[in-house]
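Residue strings, one per chain:
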Amino acid sequence: MGLSSHFFSYENHNVRLYKGSTNAAPLPAASITSFTSRKHKPSFNKMATLTVSRPLFGGFSFENCKRNALLEGEANKVGCSLPAARKTGTTICGVVFKDGIVLGADTRATEGMIVADKNCSKIHYISPNIYCCGAGTAADTEMTTQIISSNLELHALSTGRLPRVATANRMLKQMLFRYQGYIGAALVLGGVDCNGPHLYSIYPHGSTDKLPYVTMGSGSLAAMAVFEDRYKPDMEEEDAKRLVRDAIAAGIFNDLGSGSNIDLCVITKGKVDYIRPHDEANKKGVRTGDYKYKRGTTGVLTKAVTPLALEVVEETVQTMDTS
Amino acid sequence: MEKHCTNSQVKGVSTGTTILAATFDGGVVIGSDSRASMGGEYVSSKTINKVIQVHDQIFCCMAGSLADAQAVTKAAKFHLSFHSVQMESPPLVISAASVLKELCYKNKDELQAGFITAGWDRKKGPQVYVVALGGMLMSQPVTIGGSGSTYIYGYVDAKYKPNMSRDECLQFATNALALAMGRDNVSGGVAHLVVITETGVEHVVVPGNKLPKFHDE
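Labelled according to an unreviewed UniProt entry, chain B appears under the name proteasome endopeptidase complex, originating from Dicentrarchus labrax. Quoted straight from UniProt, the Catalytic activity (unreviewed entry) entry for chain B says "Cleavage of peptide bonds with very broad specificity." Under the heading Subcellular location (unreviewed entry), UniProt records this for chain B: "Nucleus".

As recorded by an unreviewed UniProt entry, chain A carries the name proteasome endopeptidase complex and is attributed to Dicentrarchus labrax. Per UniProt, chain A carries the Subcellular location (unreviewed entry) text "Nucleus". The UniProt entry for chain A carries this comment under Function (unreviewed entry): "The proteasome is a multicatalytic proteinase complex which is characterized by its ability to cleave peptides with Arg, Phe, Tyr, Leu, and Glu adjacent to the leaving group at neutral or slightly basic pH. The proteasome has an ATP-dependent proteolytic activity. This subunit is involved in antigen processing to generate class I binding peptides."

Colleague: Would you explain the packing of aromatic side chains in this entry?
Modeller: Any pair of aromatic rings gets described here by the distance separating the centres and the angle formed by the planes. This structure, assessed with the given rule, holds 7 aromatic pairs over all chains. Taken together, a centroid distance of 5.8 Å and an interplanar angle of 65° make the contact between A:Y213 and A:F227 edge-to-face. With A:Y213 in strand β10 (residues 213–216) and A:F227 in helix α6 (residues 220–230), this pair connects stretches of sequence that are 14 residues apart. Where B:Y160 meets B:F172, the ring centres are 5.8 Å apart and the plane angle is 50°; that geometry is what we call tilted.

Colleague: Sorry, what's going on with the UniProt feature "active site" (unreviewed entry) in chain B here?
Modeller: Residues and elements named next belong to chain B. When the UniProt feature table is mapped onto this chain numbering, "active site" (unreviewed entry) sits at T17. Relative to the assigned elements, T17 resides in the segment before β1 (19–24). Those residues in contact with T17 that lie beyond four places of it in its chain are D33, K50, M62, A63, G145, G146, S147, G148, S149, D184, V186 and S187.

Colleague: How should the nonpolar core be read in this particular structure?
Modeller: Buried together is how nonpolar side chains tend to be arranged in soluble globular proteins. Within the largest apolar cluster, 47 residues are counted, with the highest numbers of intra-cluster contacts made by A:L103, A:V188 and B:F115. Among the elements that take part in this core, helix α2 (residues 93–106) of chain B stands out by supplying 7 residues, more than any other. With 26 residues, the next largest nonpolar core counts B:V142, B:L170, B:A180 and B:V195 among its residues.

Each value, and the rule that gives it
- Residues numbered from 1 in each chain as written.
- Chains lettered and ligands numbered in written order.
- Predicted model: local features only at pLDDT ≥ 70, side-chain atom pairs only at ≥ 80, totals over all residues.
- Heavy atoms only, no water.
- UniProt positions renumbered as here; feature names shortened; annotations may be inferred.
- Phe/Tyr/Trp six-rings, centres within 6.5 Å; stacked < 30°, edge-to-face > 60°.
- Helix = DSSP H or I, 4+ residues; strand = E, 2+ residues; numbered from the N terminus.
- Contact = heavy atoms within 4.5 Å.
- Core = buried A, V, L, I, M, F, W, Y, C linked by side-chain atoms within 4.5 Å.
- Buried < 20%, exposed > 50% of the residue type's maximum accessible area, 1.4 Å probe, protein only.

Take a look at the structure:
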C-alpha cells in the first residue's frame, strides 16, 4: 500500500496569513503598512474583481488560499513580505497524578524574534473542571478554546451534568479536522470528570492522543525529556507539581521561543488551583546604577534672562452654545 | 508543535506504520505497531492504538495521516452501527470495508489514509479487505500496509500458508511485525494483535522487549 502520493495544495499553503479569519477579505489594517502602499493598491483591486462568487456546497472553502498565494507572489516580486501571524512559541505540558491533573505552561508570546508579551496566559478555561493549554498561533488557540468552552456550557446545561473531558476532546478534534490544519492550535486538554482524571493532546490537523503525560509547543522536546526521565504513575500532588515545573523550566531555558514565568493549574475532583505565576523563573533584574544626575551636579557660572516681547496680532472670540 | 513535515508527505501527525492482516483456519489475525510520528523525526506517541473496533467482530487498522484516519474510522463506526440496527443483524465485513471505501473515495482529494479491515461474519467466515489511498477495495487472504510493509513483502510471500492454525498464524504475524519494526524508523513500540474467530475476539499485546529477536539482535 503506497502512501507517498503528494497533495500539492496543502504543502504550498503552509503560510498563515490571516489569523482566524479565513473567508473574510479585508486585511487587518494596523499590522500591514507596506502592503497598502500606493504601489499595491491597483493589483489588489484587480485581484478582488477576479474572484467569482459561487454557492458553497458544504465543507470548508479553500478558494482564498489560492488568492493568498497569488498576493504573496505579487508582494515578493516588489520586495515586500506579508505579515506573519503571531505564534506563541511555547512550552506546555500536562501530567496525570494520583488525584487529578497538573497542567503547566510558560508565559512568553513571540512575534518573530521579538517577545510580544512577557506574561501572557496560556492555560485557558473550558469548564469548571476542564482546562486547556494552547500552543501555536495565539489567536487560534484563544478563539478555539473560547468557542468550545461556550458550546460545552450549552451542552452541559442541556444534559444537566458536569461536562466530560472526552466531550471537549471530541468537539475540539472535530473542529480542527474540519479546518484541515489551517487553524494552528496545538492543545493539551486536561480535566477531572465522573470517570476520573483525563489528559489529551490535540494536534492542529485534528488527531488526538490520550496519554498520562504530554508536551506541546516548540519547547516540547526539552519538556518531554524531563518527563521521560522522572514520570511515575500515581504520583503525589507535590511531586507532580515539581515535575511539571521542572519540565516547563527545561523548555524555558533551552528553547528560544519559551520564557518568562511558569503557570500551573492543578485540577482535582471538586477543586481547581490556578497558580499564576507558580514560579517567576525569569525575574527582571534590579539596576545597580542610575543615569539621573541630582540638581547641582553641574555648577552654574553665569545666568542671563531675556524676556521675549510678544505682541497680540489678532484676537477672536467664538461663543459656545451651552444651552 | 508548529513543525510542518516537509520530508514526509503526510500532513500533521502520521501513523507511519506497519499493519497487517492474515486469515487462518477459522479466523483472522489483524495487527499493527504502536508508533505515531511527526515529520519522520519525532515520535509523538509510543502507544497509540491503530487497531480500531468498528463492530463486535470487525476491526480495522489505519495507516497514513492520523487525523484523517481517526476521523474516518469514527464516521465509519457510526455508519456501521446505524446500518446494523437497520438490518437487525451484525454487519458483513464487506459492508464495513465498503463504508470505509466510500468515505475514502468520495473525499480522495482531501484525505490521506488507508485501511485494512478484517473480521468474521456468518456469510463468508473470516475475511480481510484492504482500502487503499484513493479508495480501491480489494479482498485478499493476507495483506500488509504502511511504510514498514515494504520491508516484509518477501517474508510474507515466503512464509504465509493458507489454512494455518491459530498459533502458527499468530506467530507469523508477530514475526512479520517484529521484522518491520526492526527496519523501519517510523514503526515501533508494542505489537497490537487481535484474533477474531466465530466465538469472539482476543487481544494480544506483545511489548517491545518480548518481540521475537533475529540473528543480528
